[in-house]
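# Coordinates in review
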Amino acid sequence: VQLTTKATNTIERKAYELLFALKYFNKRKIDLISNVECLKFFSEEEINIFAKSCKLKLSTLESESVIPMISEVALRNLMARNQPTKNIVDEGTAKGRFDTFVHFYKFAFNRCHGHDLLPLKKQEDYNRCLIELTTSRKSMGRWKKSFSDPFQSHFPDEKYFELLEITQAKSNKNPFHSKIRNELIIKIIIETGLRRGAVAKLKISDVFNDRQPRIRVTRTPDDVTDKRRNKAAQKTKAHVSAISTQLAKKIEYYIKEIRGNLPNTQTHEFVFVTEKDSRNTLGQPLSLRSYNQIFEKISNTLSVEVTPHILRHKWNEIFDIDIDSLAKELNLDSQTKEDIRKYAMGWTANSKMADIYNNFRLALKTKDYHLTRQKELSSRITSQNISG
């Protein structure tokens, strides 16, 4: 797989996927490279068992003493033991493991025999193995690790308001050393629904504090000015997100009065920087790991998980309320409302992501409809009884 142009997170994910496969076969005492070199290929049963094993957590597999002799029956028992969701991984994780292994397997074969003229029987065996790999991949099926309750908000309102309170720089409950910086990071995500990577790669020239305060979100995967080991990346398309006047002013204050007084900030344009001289990083762009640590501390303070993704869900809940009011005022149809959502979130025109965020709103409207109908029916029955 050509990964040189991929985001750091993608490269890291692929590495863990390959590590899973290598640990799996090592546990079974199968030397992948040696087998490829001597043209010894997997059987149909071995491939099917590996495909099913990709669905299991690595910790579950490693805890089993039966791994070297694991069978179809043993795998089914592992998946069904206790609560299945505790033993299996998400569909994307499982299929990612399998796909990455197949790419690696083909790479290893081409590296060893790409220029060789193989005996006809061995070439047929290799082709059969590839067909079995493709067949097993298709047979992995579809599944959901957890059930999503459309009536359950991804982030309870009371915790959301508590979050707004404790992340204010002036709050006595603010748990951070860099209070203003972290307040701005949280507020940008809340107001715009941006991803962590988009905030991490935000530059001074991308922030506009004029008559229409806004943030410009760009896609520059090969940004030579980003010297971080794990470079920030923007997954969705380039777009502009409006922000409040108050937020724009606070960002401007931070850039001039806090960031501007730190050393090393003249060497780059990234907005958010380290404010502690840990490992000589003072004034350098804030690492992606530091962004994760910010949300870990908030989660611990609130005693509930808080991530940028969860705040994106909350942004969409709030958007639903605001856009419905705006739609009535401007007479917007449903398609226009969703187009506004897609632009604000940086999704492509044909993106289906909006459907996911609509589940909560549609579920509530359906519930309201059924409650109204029940009240009407109860009212009719009561009226009939009285008149009877």
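Residues numbered from 1 in each chain as written. Predicted model: local features only at pLDDT ≥ 70, side-chain atom pairs only at ≥ 80, totals over all residues. Heavy atoms only, no water.

As a further point, take the pattern of salt bridges. Using the criterion set out here, one finds 15 salt bridges in the structure. The salt bridge involving Arg-142 is made with Glu-91; its shortest N-O contact spans 2.7 Å. Placement of the pair is Arg-142 in the loop between helix H7 (120–138) and helix H8 (157–166) and Glu-91 in helix H6 (residues 91–113), with a sequence separation of 51 residues. Overall, Glu-91 belongs to the buried group, its relative accessible area being 16%. Salt-bridge contacts for Lys-250 lead to Glu-183; the nearest nitrogen and oxygen are separated by 3.2 Å. Of this pair, Lys-250 sits in helix H11 (residues 245–258) while Glu-183 sits in helix H9 (residues 179–192), placing them 67 residues apart in sequence. Through salt bridges with shared partners, a single network forms among Arg-13, Lys-14 and Glu-17. (Salt bridge = Lys/Arg side-chain N within 4 Å of Asp/Glu carboxyl O. Helix = DSSP H or I, 4+ residues; strand = E, 2+ residues; numbered from the N terminus. Buried < 20%, exposed > 50% of the residue type's maximum accessible area, 1.4 Å probe, protein only.)

What follows deals with the side chain of Glu-17. With respect to the helices and strands, Glu-17 occurs in helix H1 (residues 8–27). Apart from residues lying up to four places away in sequence, Glu-17 is in contact with Gly-96, Arg-97 and Thr-100. (Contact = heavy atoms within 4.5 Å.)

Residues Ile-215 and Val-217 point to one face of strand S2 (residues 214–217) and are all buried, whereas Arg-214 and Arg-216, pointing to the other face, are not buried. Between strand S1 (residues 207–208) and S2, which pair antiparallel one after the other, the connecting turn spans 5 residues. As judged from the 4 bridges shared by S2 and strand S3 (residues 239–242), these two strands associate in the antiparallel manner. Looking across to S3, one finds that Val-217 is bridged to His-239. (Pairing = 2+ DSSP bridges.)

Counted according to the given criterion, the structure contains 15 aromatic pairs. A connected cluster of aromatic rings, assembled from ring pairs, spans Tyr-24, Phe-25, Phe-42, Phe-50, Phe-98, Phe-101 and Tyr-105. Above the ring of Phe-20, the side-chain terminus of Arg-97 is found at 3.8 Å from the ring centroid. Against the face of Phe-208 rests Arg-214, its NZ or CZ located 4.2 Å from the ring centre. (Phe/Tyr/Trp six-rings, centres within 6.5 Å; stacked < 30°, edge-to-face > 60°. Lys NZ or Arg CZ within 6 Å of the ring centre and 35° of its normal.)

Further remarks concern the sheet that holds S3. Adjacent strands of a sheet pair through backbone hydrogen bonds, lying either parallel or antiparallel. The strand order across the open sheet formed by 3 strands is S1-S2-S3, and the pairing between neighbours is antiparallel. Looking at which strands have only one partner, the edges of the open sheet turn out to be S1 and S3. Bridging between S1 and S2 involves 2 bridges; their strand directions are antiparallel. Of the residues in S2, the one forming a bridge with Phe-208 is Arg-214.

Turning our eyes to something else, we now look at unusual backbone geometry. Even without being glycine, Leu-39 reaches a positive phi, approximately 60 degrees. Topologically, Leu-39 is positioned in the loop between helix H2 (32–37) and helix H3 (44–53). On the accessibility criterion, Leu-39 (12% relative accessible area) is buried. Even without being a glycine, Asn-264 presents a positive backbone phi close to 75 degrees. Owing to a relative accessible area of 32%, Asn-264 belongs among the partly exposed residues under this scheme.

Those residues of H8 that sit buried are Tyr-160, Leu-163 and Ile-166. Looking straight down H8, one finds its buried side chains confined to an arc of 135 degrees; they lie on one side. Opposite the buried face of H8, by more than 90 degrees, sit the exposed residues Glu-158 and Phe-161. (Arc of directions from axis to C-beta.)

All right, on to the confidence of the model for the protein then. Averaged over all residues, the pLDDT of the protein equals 79, while 70% of them reach at least 70. When the criterion is pLDDT under 50, residues 343–349 qualifies, and its contacts beyond four places in sequence or with other chains add up to 28 contacts. (pLDDT = per-residue confidence, 0-100.)

Between H3 and H7, the least distance of the axes is 9 Å, while the angle of their chain directions is 30 degrees. Considering the angle they form, H3 stands roughly parallel to H7. The handedness of the crossing between H3 and H7 is right-handed. On the side of H3, the interface is formed by Glu-44, Ile-47, Asn-48 and Ala-51, while H7 contributes Arg-128, Cys-129, Glu-132, Leu-133 and Ser-136. Across the contact of H3 with H7, the residue classes break down as 4 nonpolar, 2 polar and 3 charged. (Axes fitted to C-alpha atoms, helices over the stretch in contact; angles between N-to-C directions. Parallel < 35°, antiparallel > 145°, perpendicular 65-115°, else oblique. Left-handed = near helix turned anticlockwise from the far one by under 90°. Nonpolar A, V, L, I, M, F, W, Y, C, P; charged D, E, K, R; others polar.)

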